[in-house]
Amino acid sequence: MSVEGKIKEGAGYIKEEMNEHGKGPESQRKAQEGRDLRNEGRMEDGKPPKTTKPGTGH
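Residues numbered from 1 in each chain as written. Predicted model: local features only at pLDDT ≥ 70, side-chain atom pairs only at ≥ 80, totals over all residues. Heavy atoms only, no water.

Digging into helix H2 (residues 25-44)
What sets the pattern is the α-helix's 3.6 residues per turn: residues three or four places apart point alike.
And then number 1: In a regular helix each residue adds 1.5 Å, so 20 residues correspond to 28 Å; H2 covers 29 Å between its end C-alpha atoms and thus fits that length.
And then number 2: Listed as buried for H2 are Ala31, Gly34, Arg35, Arg38, Asn39, Gly41 and Arg42. Here the buried residues of H2 occupy an arc of 160° about the axis, which is enough to place them on one side. Turned more than 90 degrees off the buried face of H2, the exposed positions are Pro25 and Met43.
And then number 3: Contacts made by the buried residues of H2 are with helix H1 (3-19).
And then number 4: Looking one or two places after H2, you find Gly46, whose phi comes out positive at around 80°. (Helix = DSSP H or I, 4+ residues; strand = E, 2+ residues; numbered from the N terminus. Expected span 1.5 Å × (residues − 1). Buried < 20%, exposed > 50% of the residue type's maximum accessible area, 1.4 Å probe, protein only. Arc of directions from axis to C-beta. Contact = heavy atoms within 4.5 Å.)

This is the structure in structure tokens:
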């Protein structure tokens, strides 16, 4: 597991969690950006990406 992958996954998780409950398009866009960053870190560490919609709790 790379340190960079862990940092990306952690930062993406925080960004997703901060914005997932917003109803506006800007909040949803930021939540998706967080999910994308999180997945990038997960793939660098050999984990499967999260495929559910941000904010679904899965």
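Thoughts on the pattern of salt bridges
And then number 1: Following the criterion strictly, the structure yields ten salt bridges and no others.
And then number 2: A salt bridge links Glu16 to Arg35, with the nearest nitrogen and oxygen atoms 2.7 Å apart. Of this pair, Glu16 sits in helix H1 while Arg35 is found in helix H2, placing the two residues 19 residues apart along the sequence.
And then number 3: For Glu16, a relative accessible area of 1% puts it in the buried group.
And then number 4: Salt bridges sharing partners connect three or more residues here, namely Glu4, Lys8, Glu40 and Glu44. (Salt bridge = Lys/Arg side-chain N within 4 Å of Asp/Glu carboxyl O.)

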